[in-house]
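Fold and contact review
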Amino acid sequence: MTLGADHDEPVHVAVVGSGPSGFYAAEALLRSEWNTRVTMIERLPTPYGLVRSGVAPDHQTLKSVILVYDRIARSEGFHYVGNVAVGRDISISELRANFHAVILAYGAQTDRRMGIPGEDIAGSYTATEFVGWYNGHPDYRDLDFDLSSPVAVIIGQGNVAADVCRILAKPIDDLRHSDIADHALEILAESKIEEIHVVGRRGPAQAKFTAKELRELGEIPNCIAEVHPDDCALNEASAAEIADRANAGALKNMKLFREFAEHTKSSNTGSTKGLRRIRFHFRLSPKAIIGNERVERVAFFRNRLHGPAFAQIAHPTSGVEEIDCGLVFRSIGYRGASLPGVPFDEARGVIPNEAGRVIDRGAYAHGLFVTGWIKRGPQGIIGTNRADSLETVESLIADLPALTRARKPGFKGLIALIEDRDVRPVDLAEWLVIDETETARGRAKDKPREKITRVEEMLALLSQRPQRPHVKQ
Ligand code: NAP
């Protein structure tokens, strides 16, 4: 027996994770010729992954993509199962037994480590922690950020570093009407930070900021963005990189850095009292974070760039530079985590795959697929996940004739399995109750929403409702 487009019997696919890549995979499956049912399983009660808890609160237009995901979630054949963690509440082998195919779309939740002394000293935080905290992610809600020092250092020059920098540098009134969590707003309102040093290990031509994000850092009210004019000098390979038409973003960044260098010259002569400063540094690799009980300074190796254009690597010289500071944010990229029962490439922090088909010891893992950051690594913007998920779903559809030889229970099987476990699944209607409560709370404060930041509070809100998700088929 093979099920599919010409059969009433549906094909059941589980999608693990409810961020952009999961939703784009669900959309592609539901639009396919096959009679598909998609069950999306999410660890938190709330969906949308990094769109909810990663995208910066002052970038609300980026969050409007949620409208697309909401439409997908309301489609015929879609089930949302929130507050169920795969690997804890249900295993991958149980999912594979209940669904014709499983797509892993659970992103990259941890951070790359720098592997230097003092990395975890008090006052040294990961960007992931800070971003999760100001965005009201339950895992980071109770972290304590001490912003009483006048100087902060951010290590890394990607868009996450730009987000962290902007949230630290913006006047508090510019954040009050965003969906930033109230607990973060309170602490940021008392921030004593005056200077933010944003440090890259390579040169300005290799900074990973997109020009839009970098430009914003130069447009923050009561804040001046600075670069030492000498830092804008480029070696031959870097000059070739920014001259390449395919690298227009780097050229735009260079123009912005040169403008910032002009500010720096004039700020050395004019009064900048009362302004916050963002200072970009280049060709510095972290050597150690130093302090007795908490961060007092960061030591960096001075680097020289070696290698051909587009493959330049930072090599430390014997020169060392130190920046005195009371706070450090490490923003050197996310890293995927492994899931029990699924092969994992430890070196790259991804699940090994070919066009989305998971590879286990040299062979395809029957019916197991992967998409998004846990497939390709933590790069790209939200839209990048669409093409990525289309590729994975194409592979899955091509394999369906072989995968659908037996009937599988899908969503019903999943619910039957977790019924006897200490698990409280949250369905789509229940998420909408949380959503409405958040937006109502936000309205009262002239914010798009006030997030509920504790899972227990979300579940308490739903406690009047029946505990079993509605089973539609
Ligand atoms: P990223 O863009 O990969 O930037 C990581 C930065 O850390 C780079 O400057 C990198 O330098 C540096 N780095 C890596 N390892 C290091 C080490 N051991 N020591 C010192 N520096 C090190 O990562 P991200 O900022 O976390 O962003 C992740 C993805 O999300 C990106 O694709 C980003 O564009 C996207 N994102 C987009 C937005 C937006 O569109 N608004 C917002 C946030 C994030 P090298 O270049 O030398 O490796």
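So, a few notes on the structure that sits alongside this text. Worth saying up front: this structure is predicted, and the values here are computed from it rather than measured. (Residues numbered from 1 in each chain as written. Predicted model: local features only at pLDDT ≥ 70, side-chain atom pairs only at ≥ 80, totals over all residues. Heavy atoms only, no water.)

**Some points on the environment of threonine 210**
Along the chain, threonine 210 turns up in the loop between strand S8 (195–199) and helix H9 (211–217). Put simply, threonine 210 and phenylalanine 411 are 201 residues apart on the chain and 41 Å apart in space, counted from C-alpha to C-alpha. Beyond its immediate sequence surroundings of up to four residues, threonine 210 is in contact with Asn159 and Asn253. Polar side-chain contacts of threonine 210 include one of 2.4 Å to the side chain of glutamate 213. (Helix = DSSP H or I, 4+ residues; strand = E, 2+ residues; numbered from the N terminus. Contact = heavy atoms within 4.5 Å. Polar contact = N/O pair within 3.5 Å; in protein donor to acceptor, adjacent residues only side chain to side chain.)

**Remarks on the site of the ligand**
Taken together, 21 residues form the shell around the ligand, and within it Gln157, Arg201, Arg202, Glu213 and Gly380 come nearest. Contacts to the ligand include valine 160, whose backbone N or O atom sits 3.1 Å from an oxygen atom. Lysine 208 places a side-chain nitrogen or oxygen 3.1 Å from an oxygen atom of the ligand. With the chains in place, 84% of the 920 Å² that the ligand exposes on its own is no longer accessible. (Near = heavy atom within 4 Å. Areas by Shrake-Rupley, 256 points an atom, 1.4 Å probe, with all protein chains shown as cover.)

**Here's the deal with unusual backbone geometry**
Of note in the backbone geometry, asparagine 222 takes a positive phi value of approximately 55° without being a glycine. When you line up the elements, asparagine 222 lands in the loop between H9 and strand S9 (223–227). Of note, aspartate 446 is a non-glycine position whose phi angle comes to about 60°, a positive value. Along the polypeptide, aspartate 446 turns up in the loop between helix H15 (428–443) and helix H16 (455–461). Judged by relative accessible area, aspartate 446 falls into the exposed class, the value being 53%. (Buried < 20%, exposed > 50% of the residue type's maximum accessible area, 1.4 Å probe, protein only.)

**Side note on the pairing of strand S13 (residues 313–324)**
The pairing of strand S12 (residues 297–306) with S13 spans nine bridges and is classified as antiparallel. Considered in S13, the bridge of arginine 304 is made with histidine 315. (Pairing = 2+ DSSP bridges.)

**What to know about the nonpolar core**
Ranked by internal contacts, the top residues of the largest apolar core, which has 51 residues, are Phe130, Leu168, Leu188, Phe257, Phe280 and Phe329. Broken down by element, this core gets its largest block of residues, seven residues, from helix H7 (residues 159–169). Sequence-distant contacts of phenylalanine 130, defined by excluding residues within four places in its chain, comprise Phe145, Val164, Ile167, Leu168, Leu188 and Phe329. Listed in part, the 39 residues of the second largest apolar core include Ala73, Ile382, Leu396 and Met458. (Core = buried A, V, L, I, M, F, W, Y, C linked by side-chain atoms within 4.5 Å.)

**Considerations on helix H6 (residues 127–134)**
Judged by how many residues are buried, H6 sits mostly within the fold: seven of eight residues are covered. Of all the positions in H6, only Ala127, Thr128, Phe130, Val131, Gly132, Trp133 and Tyr134 are classed as buried. Just past H6, the residue glycine 136 takes up positive phi, approximately 75°.

**Let's talk about the sheet that holds strand S16 (residues 353–354)**
The seven strands are arranged S3-S2-S1-S4-S18-S17-S16 in an open sheet whose pairing can be described as mixed. At either margin of the open sheet sits one strand with a lone partner, and together these are strand S3 (78–81) and S16. Pairing of S16 with strand S17 (residues 357–360) involves two bridges; the strand directions are antiparallel. From the neighbouring strand, glutamate 354 faces S17, where its bridge partner is arginine 357.

**Here we look at the side chain of serine 191**
Mapped onto the secondary structure, serine 191 falls in the loop between helix H8 (182–189) and S8. A residue is classified by how much of its surface remains accessible, and serine 191, at 13% relative accessible area, is buried.

**Quick look at the packing of H6 against H8**
With their axes 7 Å apart at the nearest point, H6 and H8 run at an angle of 110° to one another. When the interaxial angle is binned, H6 and H8 end up roughly perpendicular. Taking contact as the criterion, the partners of Phe130, Trp133 and Tyr134 in H6 are, on H8, His183, Ala184, Ile187 and Leu188. The class makeup of the residues in the contact of H6 with H8 is six nonpolar, one polar and no charged. (Axes fitted to C-alpha atoms, helices over the stretch in contact; angles between N-to-C directions. Parallel < 35°, antiparallel > 145°, perpendicular 65-115°, else oblique. Nonpolar A, V, L, I, M, F, W, Y, C, P; charged D, E, K, R; others polar.)

**As for the packing of aromatic side chains**
Counted by the stated rule, this structure contains 19 aromatic pairs. Considering the side-chain rings of phenylalanine 130 and phenylalanine 329, the 4.8 Å spacing of their centres and the 50° angle between planes classify their relative orientation as tilted. With phenylalanine 130 in helix H6 and phenylalanine 329 in strand S14 (residues 327–330), this residue pair connects regions lying 199 residues apart in the sequence. Of the residues examined, phenylalanine 130 reaches a relative accessible area of 0% and is grouped as buried. On the basis of relative accessible area, phenylalanine 329 is assigned to the buried category, the value being 0%. Ring centres 5.7 Å apart and planes at 10° place the aromatic pair phenylalanine 260 and phenylalanine 280 in the stacked group. (Phe/Tyr/Trp six-rings, centres within 6.5 Å; stacked < 30°, edge-to-face > 60°.)

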